[in-house]
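The primary structure of each chain is shown beneath.
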Amino acid sequence: MARAHKRFRIVLIKPSHYDDDGYVIRWYRSPMPANSLACVYGLIDDCARRRILGPDIDIDIVAIDETNTFVRLDRIISDMGANNNFGFVGLVGVQSNQYPRSLHIAKPLRAAGIPVIIGGFHVSGMLAMFDKIGPDLQAALDMGITLFAGEAEGRMDEVVHDAAKGALQPIYNYINDLPALEDTVEPFLPGNSVRKTIGNVTTFDAGRGCPFQCSFCTIINVQGRKSRRRSPDDVERILRKNYEQGIDRFFITDDNFARNKDWEPIFDRIIKLREQDGMDVRFLIQVDTLCHKIPNFVAKAKRAGVTRIFIGLENINPDNLLAAKKRQNKITEYRNMLLAWKAVGIWTYAGYILGFPNDTPESARRDIEIIKKEMPLDVLEFFFLTPLPGSEDHKVLATKGVPLDPDLNKYDLEHALMPHANMSKAEWEQLYRDAWAIYYTPMHIETILRRAQACGINIWRLAQIILWFAQSLTIEKVHPLQGGFVRLKNRHERRPELPLEPMWKFYPQLAWEVITKHAKVAVAAWQIFRIYRRVVASAHIPYTDQAMTPISEEETQTLELFTHTNSAREAVDHARKVKILTALGSVATQPTA
Ligand code: B12
Ligand code: SF4
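Here the structure is a predicted model, which is why all the values come from computation and not from measurement.

Engineer: How would you sum up the overall build of the chain? Please name residues and give values.
Structural biologist: For the chain, the helix and strand inventory stands at 22 helices and 16 strands. Whereas a compact globule of 593 residues would reach a radius of gyration of roughly 25 Å, the chain reaches 25 Å, a difference of no more than 12%. The principal-axis extents of the C-alpha atoms in the chain amount to approximately 85 × 70 × 55 Å. Across the chain, every contact between residues at least 6 apart in sequence was considered, and the portion connecting residues at least 24 apart equals 80%.

Written as structure tokens, this is what we have:
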């Protein structure tokens, strides 16, 4: 007779958060799968395969990304109830801005007696920086929610066993005990989950940790400053597993792949897969502004199929970079670095932060104009300087009692949340909106495409991404990184603090929104398409401009990038002295004949 099987049900939800009108940000297709969800899914799937709860108990897993799927809490509650609540709901990779939404999801689940665990950057960041439990985490504990801080690699068995025994602890805190990643279970999501996103792109982390010390950064306090990484074998397994399900484009989520100690063996392995095994895999990676100085880095990135890089440029005022402890960002290297990537036909996304201590609305606007003229950048995206929980900035400001916005839902880098010495809140918000409009003018879009075409970049694809980045804020009212394809809204998915809108108001408004948004997208797309056609038609004419001009000695005297502030001029002097001293040093150490 067959053995009676019990089922332990695990529902993993990667929550979204609320827009400024209080509705959950959800799309028909979101931009890419979440690596946090893939990591946790992979770990639980591994527990299921090893049958860690014994031969008679199957582990069922459901993975839901709320940015592309409506979370049917009623169904989860009835399915769990039918299974005597034998299982748990995991709220995965919860960022600070997603924390309020997570508690709202958890409330009815807890009321139905379902165990709930929350993990991710908010819980980890708060427990990494503060000895005492703050009111936000306490609210979860009071609801009987379990908090998980740190990383789950090597710890999932314990959590699943405890949950199956009905003995989950209130807090699992592994923040000071970060696991090695080599040979651990890889991130993985089933193909049907990946296909709810726009392209055939998925995410994975080849490593965690960054050696630098930027004061606005949460990563170093949560994932540490030491490079922990997966092995080339691990990376090959991840690539092959995805390739088999038709996925061949990847975002390697390491915050700084250039400081992954094994970047070279990993690139070498990928080069082998591409050049010998014929796997056409391509990548977006994140790097720092000094990566071009690492011997072979740019050349191997190209051969390994990197087509785009993301750089945390942050600012072009050295005083601001110093205030943020971002000492590794040297404005004297920016052009070198961008030209190095351009030379191999790889396009660049850069993040730019508005609201550093020395910024004024005027200086920030001027700086964006300098970037347009003198730096060969493709896609630029703007953020508010934000005291993210888990960062040094947040800890310092909170400890000093500086008034910070209490609504965690707004900690998404798209809101002004603290006082600024040189700008009112309204001026700061206006600057953020203007910044996108100043950068993405039709004239500058044409310049970006011309520069890219001159470097052999696929400008059809670039034009589509520019459309996305240039219009996301004006049309969808969210940052492009939170954007997606066709916004979906449910009348009942509204922040409980806000009233349920009546049907007569909600539906006509939604219909009008859909019509006007599509009209705006069509107009913007047509404008960019015309620019694209013009650029293609001029392909036979060689193109160059100030930004594309190779580096010269004189430019430090002539370019505004190097002369617009005292600190910029000092940075140039400093770089010159270092160069002279380095040259003298190498002459002094040269062997004599
Ligand atoms: C890749 C990435 C994205 C991608 C994909 C999302 C994703 N999560 O993969 C994209 C580009 C879409 C994105 C967008 C945004 N992101 Co982002 N993103 C990242 C990045 C670089 C990697 C995420 C990751 O994979 N981490 C590795 C995983 C394994 O770590 P983890 O999530 O902590 O999960 C581990 C543990 O926490 C634990 N765990 C987590 N959940 C659970 C659940 C259970 C049940 C258990 C037991 C354990 C557990 O186990 C996991 C495995 O070890 C991080 C920085 C970083 N290094 O993490 C920023 C980061 C998470 N993002 C951040 C932000 C702010 C955003 C945006 C709001 C920015 C914006 N305005 O557009 C948007 C939000 C959109 C969204 N819907 O997520 C912040 C969050 C900071 C904070 N305090 O909240 C981070 C930390 C970067 C930063 N600037 O500080 N992001
Ligand atoms: S370089 Fe990036 S990941 Fe590294 S400390 Fe600075 S902000 Fe954080």
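Now that the structure is up, let's keep going.
Engineer: Can you lay out the environment of Trp512 for me, pointing to particular residues and giving the numbers?
Structural biologist: Considering the arrangement of structural elements, one finds Trp512 in helix H19 (residues 503-537). Residue classification places Trp512 among the exposed positions, given a relative accessible area of 58%. Spatially, the C-alpha atom of Trp512 lies 34 Å from that of Gly93, the residues being 419 residues apart in sequence.

Engineer: Describe the site of ligand 1, naming the residues involved and giving the relevant values.
Structural biologist: By nearness alone, 42 residues border ligand 1, and Asn35, Ser96, Glu153, Asp255 and Asp412 come closest of all. The contact in question runs from an oxygen atom of ligand 1 to an N or O atom on the side chain of Asn35, over 2.7 Å. Elements that contribute at least two residues to the shell around ligand 1 include exactly helix H1 (35-49), strand E4 (87-91) and strand E5 (116-119). The dominant element in the shell around ligand 1, judged by the number of residues it contributes, is H1, at 4 residues.

Engineer: Could you give an account of the site of ligand 2, naming the residues involved and the relevant values?
Structural biologist: The environment of ligand 2 is formed by Cys210, Phe212, Cys214, Phe216, Cys217, Ile220, Asp255, Lys326 and Gln328. Of the residues belonging to the shell around ligand 2, the class tally is 6 nonpolar, 1 polar and 2 charged.

Engineer: Before we move on, could you go through helix H10 (residues 263-275) and cite the residues and values that matter?
Structural biologist: Residues that lie three or four places apart on an α-helix share one face, since the helix turns once every 3.6 residues. Taking 1.5 Å of rise per residue, 13 residues should cover 18 Å, and H10 covers 18 Å from first to last C-alpha, within 8% of that figure. For H10, the complete set of buried residues consists of Trp263, Ile266, Phe267, Ile270, Ile271 and Leu273. Buried positions in H10, seen along its axis, are confined to an arc of 160 degrees and lie on one side of it.

Engineer: Help me get a handle on unusual backbone geometry, residues and values and all.
Structural biologist: Positive phi, normally seen in glycine, also occurs at Lys477, with a value near 60 degrees. Structurally, Lys477 is set in the loop between helix H18 (459-476) and strand E16 (485-488). Look at Lys477 and you get exposed, because its relative accessible area is 60%. The residue Val486 is not glycine, and still its phi comes out positive at about 65 degrees.

Engineer: Provide a residue-level description of the packing of aromatic side chains, including the pertinent values.
Structural biologist: On inspection of all chains with the given rule, the structure shows 28 aromatic pairs. For the pair Phe267 and Phe297, a centre-to-centre distance of 5.6 Å together with 45 degrees between the ring planes defines the contact as tilted. One end of the pair, Phe267, is in helix H10; the other, Phe297, is in helix H11 (residues 297-303), and 30 residues separate them in sequence. Here Phe297 falls in the buried class, since its relative accessible area comes to 0%. When the ring of Tyr352 is compared with that of Phe382, the centres are 6.2 Å apart and the planes differ by 75 degrees; the resulting orientation is edge-to-face. Linking Tyr352 in strand E14 (residues 347-354) with Phe382 in strand E15 (residues 379-384), this pair joins segments that are 30 residues apart in sequence. Residues Tyr352 and Phe382 agree in their burial class; the two are buried.

Engineer: Please set out a nonpolar patch on the surface residue by residue, giving values where relevant.
Structural biologist: Taken together, Tyr28, Ile198, Phe485 and Val486 make up a surface patch of nonpolar side chains, about 360 Å² in accessible area. Topologically, Ile198 is positioned in the loop between helix H7 (191-194) and strand E8 (201-204).

Engineer: Could you give an account of the sheet that holds strand E13 (residues 306-314), naming the residues involved and the relevant values?
Structural biologist: Backbone-to-backbone hydrogen bonds pair the strands of a sheet. The strands run either parallel or antiparallel. Here we have 6 strands laid out as an open sheet, ordered E8-E11-E12-E13-E14-E15, and parallel in their pairing. Edge strands, defined here as strands with exactly one partner in the open sheet, are E8 and E15. Averaged over all pairs of adjacent strands, the angle between their axes in this sheet comes to 20 degrees, without regard to strand direction. As paired elements, strand E11 (residues 249-252) and strand E12 (residues 282-287) share 3 bridges and run parallel to each other. Residue Phe250 lies in a different strand from E12, and its bridge partner there is Phe283. Against the sheet, helix H13 (residues 331-343) engages E12, E13 and E14, with an angle of about 170 degrees to E13.

Engineer: I'd like a description of H13, backed by residues and values.
Structural biologist: The end-to-end C-alpha distance of H13 is 19 Å, a good match for the 18 Å that 13 residues give at a rise of 1.5 Å each. For H13, every residue scored as buried is listed here: Ile331, Glu333, Tyr334, Arg335, Met337, Leu338, Leu339, Trp341 and Lys342. Gly345 sits one or two positions beyond H13 and adopts a positive phi of about 75 degrees.

Engineer: So, the pattern of salt bridges: which residues are in play, and what are the values?
Structural biologist: Per the counting criterion, the structure on display carries 56 salt bridges. For the salt bridge of Arg240 with Asp277, the shortest nitrogen-to-oxygen distance reads 2.9 Å. A residue pair is termed long-range when its members are at least 10 positions apart, and Arg240 in helix H9 (residues 232-244) and Asp277 in the loop between H10 and E12 qualify at 37 residues. Relative accessible area serves as the criterion here: at 35%, Asp277 is assigned to the partly exposed category. Notably, a salt bridge pairs Glu476 with Lys517, separated by 2.9 Å at the nearest N-O pair. Of this pair, Glu476 sits in helix H18 while Lys517 sits in helix H19, placing them 41 residues apart in sequence.

Engineer: Give me the packing of H9 against H10: which residues, what numbers.
Structural biologist: Any two packed helices are characterised by how steeply their axes cross, that is the angle between the axes, and by the distance between the axes. Their axes nearest at 9 Å, the elements H9 and H10 cross at an angle of 40 degrees. In terms of their interaxial angle, H9 and H10 are classed as oblique. Between H9 and H10 the crossing geometry is right-handed. Facing Pro232, Asp233, Val235, Glu236, Leu239 and Arg240 of H9, the residues of H10 in contact are Pro265, Ile266, Arg269, Ile270 and Leu273. Considered class by class, the residues forming the contact of H9 with H10 number 7 nonpolar, no polar and 4 charged.

Rules used in this analysis
- Each chain carries its own residue numbering, running from 1 in the direction its sequence is written.
- The lettering of chains begins at A and the numbering of ligands begins at 1, in the order of writing.
- Thresholds applied to this predicted model are a pLDDT of at least 70 for local features of residues and 80 or more for the giving and counting of side-chain atom pairs; totals over whole chains, interfaces and linings are not thresholded and use all residues.
- Neither water nor hydrogens contribute to the side-chain values; these are computed over all heavy atoms in the structure.
- Numbering of helices and strands runs from the N terminus; a helix is a DSSP stretch of H or I covering at least four residues, while a strand is a stretch of E covering at least two.
- To get the radius of gyration, use the C-alpha atoms; to get the globule rule, take the number of residues to the power 0.38 and multiply by 2.2 Å.
- Here, residues are in contact when the closest pair of their heavy atoms is within 4.5 Å.
- Each residue gets one of three labels from its accessible area relative to the maximum for its type: buried under 20%, exposed over 50%, partly exposed in between, using a 1.4 Å probe on protein chains only.
- Any residue with at least one heavy atom within 4 Å of a molecule or strand is counted as near it.
- In the analysis that follows, any N or O atom pair within 3.5 Å is treated as a polar contact, provided that within protein one partner can donate a hydrogen and the other can accept it, and provided that, for residues neighboring in sequence, both atoms belong to side chains.
- Each residue gets one of three labels, nonpolar for Ala, Val, Leu, Ile, Met, Phe, Trp, Tyr, Cys and Pro, charged for Asp, Glu, Lys and Arg, and polar for the others, Gly among them.
- To estimate the expected span of a helix, subtract one from its residue number and multiply by 1.5 Å.
- Note that the arc is computed from the directions linking the helix axis to the C-beta atoms.
- Paired rings are identified among Phe, Tyr and Trp, the last through its six-membered ring, by centres lying within 6.5 Å, and are further divided according to the angle between planes into stacked (under 30 degrees), edge-to-face (over 60) and tilted (the rest).
- A patch is a set of surface residues, each over 30% in relative accessible area and not in a salt bridge, joined within 9 Å for like charges and within 5 Å for the nonpolar side chains Val, Leu, Ile, Met, Phe, Trp and Tyr.
- Every accessible area reported is derived by Shrake-Rupley at a probe size of 1.4 Å, with residue values counting cover from the shown protein chains alone.
- Here, a salt bridge means any side-chain nitrogen of Lys or Arg that lies within 4 Å of a carboxyl oxygen of Asp or Glu.
- Should DSSP find at least two bridges between two strands, the strands are regarded as paired.
- Axis lines are fitted through C-alpha atoms, for helices just across the contact stretch, and the angle between N-to-C directions can take any value from 0 to 180 degrees.
- Angle categories: roughly parallel below 35 degrees, roughly antiparallel above 145, roughly perpendicular from 65 to 115, and oblique for all the rest.
- By definition, any crossing whose near helix is turned counterclockwise from its far helix by less than a right angle is left-handed, and any crossing with a clockwise turn is right-handed.

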